[in-house]
Protein chains: 2
Amino acid sequence: MSIAKKIEESIAKSSWIRRMFEDGIRLKEQYGSENVFDFTLGNPFPEPPEKLHVLIQKEIIDNKPGMHGYMPNAGYVETRQALAAHLSDVYGVPLTSSHIVMTCGAGGALNVILKTLLDPQDEVIAPVPFFVEYQAYTENHGGVFKSVASESHFALNLPALEQAITPKTKAVLINSPNNPSGKVYERETIDALATLLKARSTAYGRPIYLISDEPYRDIVYDGTEVPSILAAYPDSLVATSFSKTLSIPGERIGYIAASPGLADGTIALEGLVLSNRILGYVNAPALMQRIIPALLGVTVDIDIYKRKRDLLCDGLAAIGYEFTKPMGAFYLFPESPLEDEVAFVRALQAKNILTVPGRGFGAPGFFRIAYCVADETIMNAMPGFEEVFKKAKAGRL
Amino acid sequence: MSIAKKIEESIAKSSWIRRMFEDGIRLKEQYGSENVFDFTLGNPFPEPPEKLHVLIQKEIIDNKPGMHGYMPNAGYVETRQALAAHLSDVYGVPLTSSHIVMTCGAGGALNVILKTLLDPQDEVIAPVPFFVEYQAYTENHGGVFKSVASESHFALNLPALEQAITPKTKAVLINSPNNPSGKVYERETIDALATLLKARSTAYGRPIYLISDEPYRDIVYDGTEVPSILAAYPDSLVATSFSKTLSIPGERIGYIAASPGLADGTIALEGLVLSNRILGYVNAPALMQRIIPALLGVTVDIDIYKRKRDLLCDGLAAIGYEFTKPMGAFYLFPESPLEDEVAFVRALQAKNILTVPGRGFGAPGFFRIAYCVADETIMNAMPGFEEVFKKAKAGRL
């Protein structure tokens, strides 16, 4: 074999997830896609706001020379200025265009940040459950990924986090609202985390960075507040995108917002722009960058997701599933009635219900249901969810 | 300092290029941009073909549900099928959709390929002059970059290449048509390279990959042929984009075409798709992917670049500059009349003529002129090119 050993291993590790995905395709061919209940993918449900297409049309009609050409690697100055003004309000800190780097989605933003920060063997710590790609993102840039257990209901376990910090810790990476749990960290949690990181940064004489991956910031329920890490902690960076806010994940448009308080301000900001270039992203897609300034503050209808959340939570609660009601994002992360959640997910699959085992998120014993699907999919899957649950409880799985 | 040492070093190393870029901005503010002759950037000159906007309009009017959503990480099947059919002709090998991975430009394509192939300390060899980012792309993925000298007129130096190959060599990376030299390797060169790589692969019992970075394939002059590496060598991969063919570099749309003869076919193809995901690209921008099938075979008017090439070459030849006439791309790479090309580039800058020193391309003693500019820029810069050339030859610089 001649490709990289690490890639080979990753293919082997992820192969059972892919096998399930391929099983899903087979199931849909066999039973018709309306009879398969696919809760595996985080593809936004509502169509983008109409304004998106109005703005694209306007760009096409204006037809400005060079509109599809290169621009500075950080993105159009106009786009970054508009974002900085908008985000100064959102995050409660004074941001200028130099604090913003436009990226190919939040995935691009995180890789640019980690490339910029990590020396070989530097550690990145994330609480469980975490987005499946964090380990790969960290290892892409020579870092070591460490996860720490959470309290019940996915609350941040600060003592565990403190224990995990070492002289090699370069960053703590949080994802709130969380994929897969829907947890949003409260203000007191963020403040306590900031206090802890400040103390450890002072002790080590260098900053431990706080990175917040928050593409679901706008998708929250019941008046939930998403506290600003930029306001709470000087050495912080937000990685995010418009993928979920505007239902455009395929267009790869996101950004980094860097704290104005970064200890290594200028050089860190230059580093982010350099990394955006040398990682081959070069710049975020031009056309999307051009329309973003007129879409700030616009979101898809969040009530659509709230209705789906309630439909799913009410249905599963009535059956007896145990879970923490999501405060944001569009995932539910229930406990598996079987200790081996892979076995449970396979039993659901036998009823044409496709979900994702928790171990990919660092949380075996749980499974993820992405409820960014049609209401009918949720309702029609309930008999299957019930039958498999009862079998599991009766020891018949 | 707390960001990665390697990023800090890269910022420091590139800082004089950036300083010149910033000087250019200052010059334009001071003298007016019409009085500054900026030949530094490879931003395509003609506007994109009109059809591009017609097709975007059509997509917007069709307004298909999910058109901005996630698709498979490799890209839309329809797009890859259309590309495979088109490229089977272009490259002279039978390609299917599984051989194509849609990427965020050629920069994305190269990073995905190198991530997939490189084990730590694996070597990547490229002939001089090479695109400035190749070293960074290689080191992003733990590899070691090695360059080999070329013959006169930028011809491939096969004995030097053979000498440079070691048991750690994972890939040879060529760029033809070349940025910065405009050189296109002839068919006999590619065949001889293939023969050499086959022999060394057999000797080592594992493939040495041949990677061709060819975003300028469609921009060639005087009937120049760009031979297909996929037809010449089984373990080959093409990394390319529509950036130059369609003048849309800001939109980040490109692809990998993998040889159907890859020794590790299936696993290598899976690896490319995995790398596209875990590097955070996730997928190439959706809207651009949707319109690409109707743009295959469409190019900007290449005669525009030919006219600019001839204007520049005729002007500089009359002055006495020595250079190899470009066969493709839109760069001229003349010899500097001063051994220290940075000093010469600075002397040009004093006449408001902005060019790039050759050392960034591994070729000190040369400098790059990007002629993707208005004809007037070329013509109006000639007196300055002449004055500085004469001073240099007279020893007065």
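The structure displayed is predicted, hence computed values, not measured ones. (Residues numbered from 1 in each chain as written. Chains lettered and ligands numbered in written order. Predicted model: local features only at pLDDT ≥ 70, side-chain atom pairs only at ≥ 80, totals over all residues. Heavy atoms only, no water.)

Okay, empty space enclosed by the protein next. Residue and element names in this part refer to chain A. On inspection of all chains with the given rule, the structure shows five cavities of 30 Å³ or more. Volume-wise, the largest cavity comes out at about 80 Å³. Breaking the lining of the largest cavity down by element, the ones donating at least two residues are β3 (123–127) and β5 (169–174). Tallied by class, residues from the lining of the largest cavity come to ten nonpolar, four polar and one charged. (1 Å grid on protein atoms, 1.4 Å probe; cavity = no way out; pocket = protein on both sides within 12 Å on 5 of 7 lines; lining within 4 Å. Points joined across faces, edges and corners; volume = space filled by probe spheres on them. Helix = DSSP H or I, 4+ residues; strand = E, 2+ residues; numbered from the N terminus. Nonpolar A, V, L, I, M, F, W, Y, C, P; charged D, E, K, R; others polar.)

With that settled, consider the relation of the copies chain A and chain B. Placing chain A over chain B gives an RMSD of 0.0 Å and needs a rotation angle of 180°, together with 0.0 Å of translation along the axis. On the angle and the small slide along the axis, the relation comes out as a two-fold axis. Comparing interface residues between copies, 99% of those in chain A also sit at the interface in chain B, which points to an isologous, same-surface contact. (Least-squares fit on C-alpha atoms with pLDDT ≥ 70 in both. Contact = heavy atoms within 4.5 Å.)

Inspection of every chain in the model, using the stated rule, returns 52 salt bridges over all chains. Notably, a salt bridge pairs Asp-222 of chain A with Arg-309 of chain A, separated by 3.0 Å at the nearest N-O pair. Here Asp-222 of chain A, found in the loop between β6 (209–213) and α8 (229–232), pairs with Arg-309 of chain A, found in helix α11 (residues 302–319); they are 87 residues apart in sequence, far enough to count as distant. Assessed through its relative accessible area of 56%, Asp-222 of chain A is described here as exposed. Here Arg-309 of chain A falls in the buried class, since its relative accessible area comes to 1%. Ionic pairing is found between Glu-386 of chain A and Lys-390 of chain A, a salt bridge with its closest N-O pair at 2.8 Å. Placement of the pair is Glu-386 of chain A and Lys-390 of chain A together in helix α13 (residues 375–393), with a separation of four residues, close to one helical turn. By relative accessible area, which is 31% here, Glu-386 of chain A ends up partly exposed. One salt-bridge network, held together by shared partners, links Lys-5 of chain A together with Asp-119, Asp-122, Lys-168 and Lys-170 of chain B. (Salt bridge = Lys/Arg side-chain N within 4 Å of Asp/Glu carboxyl O. Buried < 20%, exposed > 50% of the residue type's maximum accessible area, 1.4 Å probe, protein only.)

Bringing the packing of α11 of chain A against α13 of chain A into the picture now. In helix packing, the relevant descriptors are the interaxial angle and the interaxial distance, both defined with respect to the helix axes. Residues and elements named next belong to chain A. The contact between α11 and α13 brings their axes to 10 Å, and the two run at 20°. As far as their axial angle goes, α13 and α11 are roughly parallel. In the crossing of α11 with α13, the sense of the turn from one axis to the other is right-handed. Between α11 and α13, the contacting residues are Arg-307, Lys-308, Leu-311, Leu-312, Gly-315, Leu-316 and Ile-319 on the first element and Asp-375, Ile-378, Met-379, Met-382, Phe-385, Glu-386 and Phe-389 on the second. Partitioned by chemical class, the residues of the contact of α11 with α13 number nine nonpolar, one polar and four charged. (Axes fitted to C-alpha atoms, helices over the stretch in contact; angles between N-to-C directions. Parallel < 35°, antiparallel > 145°, perpendicular 65-115°, else oblique. Left-handed = near helix turned anticlockwise from the far one by under 90°.)

Strand pairing within a sheet occurs via backbone hydrogen bonds; the two strands may be parallel or antiparallel. Residues and elements named next belong to chain A. The strand order across the open sheet formed by three strands is β9-β12-β11, and the pairing between neighbours is antiparallel. At either margin of the open sheet sits one strand with a lone partner, and together these are β9 (331–332) and β11 (356–357). In this sheet, strand β12 (residues 367–370) lies alongside β9 in antiparallel orientation, the contact comprising two bridges. Following the sheet pairing, Leu-332 is matched in β12 by Ile-369. (Pairing = 2+ DSSP bridges.)

Residue and element names in this part refer to chain A. In space, the seven strands of this open sheet follow the order β2-β8-β7-β6-β5-β3-β4, with mixed pairing throughout. Taken across any chain shown, the strands that pair with only one partner, and hence form the sheet edges, are β2 (100–103) and β4 (144–148). Shown here is a sheet whose adjacent strand axes are inclined to one another by a mean of 20°, direction ignored. Judged from the five bridges that link them, β3 and β4 form a sheet pairing that is parallel. Bridge assignment links Ile-125 to a residue of β4, and that residue is Lys-146. Running over the sheet, helix α9 (residues 265–278) touches β2, β7 (236–241) and β8 (254–258) and is turned about 15° from β2.

For the rest of this paragraph, the subject is a nonpolar patch on the surface. A cluster of nonpolar side chains, contributed by Phe-21, Ile-25 and Leu-41 of chain A, occupies part of the molecular surface with about 290 Å² of accessible area. Checked against the element boundaries, Leu-41 of chain A lands in the loop between β1 (37–38) and α2 (50–62). (Patch = residues over 30% accessible without salt bridge, like charges linked within 9 Å, V, L, I, M, F, W, Y side chains within 5 Å. Areas by Shrake-Rupley, 256 points an atom, 1.4 Å probe, with all protein chains shown as cover.)

Glancing now at α13 of chain A. Residue and element names in this part refer to chain A. Here α13 spans 27 Å end to end across 19 residues, near enough to the 27 Å set by a 1.5 Å rise per residue. Along α13, the largest kink reaches about 35° and is centred on Met-382; proline Pro-383 follows within four residues of it. Those residues of α13 that fall on the buried side of the exposure criterion are Asp-375, Thr-377, Ile-378, Ala-381, Met-382, Gly-384, Phe-385, Val-388, Phe-389 and Ala-392. Contacts from the buried residues of α13 go to β1, α11, α12 (341–350), β10 (353–354) and β12. (Expected span 1.5 Å × (residues − 1). Bend = angle between axes of the 7 residues up to and from the residue.)

This brings us to the packing of helix α4 (residues 105–117) of chain A against α9 of chain A. All names here are of chain A. Relative orientation of the contacting elements α4 and α9 amounts to 120°, with a least axis distance of 8 Å. By the angle class used here, α4 and α9 are oblique. The hand of the α4/α9 crossing is right-handed. Every residue of α9 that contacts α4 at Val-112, Ile-113, Lys-115 and Thr-116 is listed here: Ala-268, Gly-271, Leu-272, Ser-275, Asn-276 and Ile-278. The residue makeup of the contact of α4 with α9, split by class, is five nonpolar, four polar and one charged.

Listed as interface residues are 74 residues of chain A and, on the opposing side, 73 residues of chain B. Across the chain A/chain B interface, buried area totals approximately 5800 Å², and carbon plus sulfur atoms make up 54% of it. The largest share of the area that chain A buries against chain B comes from Ser-2, His-68 and Tyr-70 of chain A, three residues that together contribute 12% of it. For the pair chain A and chain B, the interface holds four salt bridges. Connecting chain A to chain B are 44 residue pairs in polar contact (both at pLDDT 80 or more). Contributing elements (two or more residues each) for the side of chain A that touches chain B: α1 (5–31), α2, α4, α5 (134–140), α9 and α10 (286–291) of chain A. (Buried area = accessible area lost by both parts, 1.4 Å probe. Polar contact = N/O pair within 3.5 Å; in protein donor to acceptor, adjacent residues only side chain to side chain.)

Turning to the pairing of β8 of chain A, a few remarks are in order. Counting buried positions over the five residues of β8 of chain A gives five, a clear majority of the element. Taking every second residue as pointing to the same face, both faces of β8 of chain A are buried, with Gly-254, Ile-256 and Ala-258 of chain A on one and Tyr-255 and Ala-257 of chain A on the other.

This next bit is on the state of the cysteines. Covalent bonding between the sulfur atoms of two cysteines is what defines a disulfide. For the structure shown, the criterion picks out zero disulfides over all chains. Free cysteine: Cys-313 of chain A, not disulfide-bonded; nearest cysteine sulfur from Cys-372 of chain A at 14 Å. With no disulfide of its own, Cys-104 of chain B has Cys-104 of chain A as its nearest cysteine by sulfur position, at a separation of 4.5 Å. Residue class for Cys-104 of chain B comes out buried when judged on its relative accessible area of 0%. (Disulfide = S-S within 2.5 Å.)

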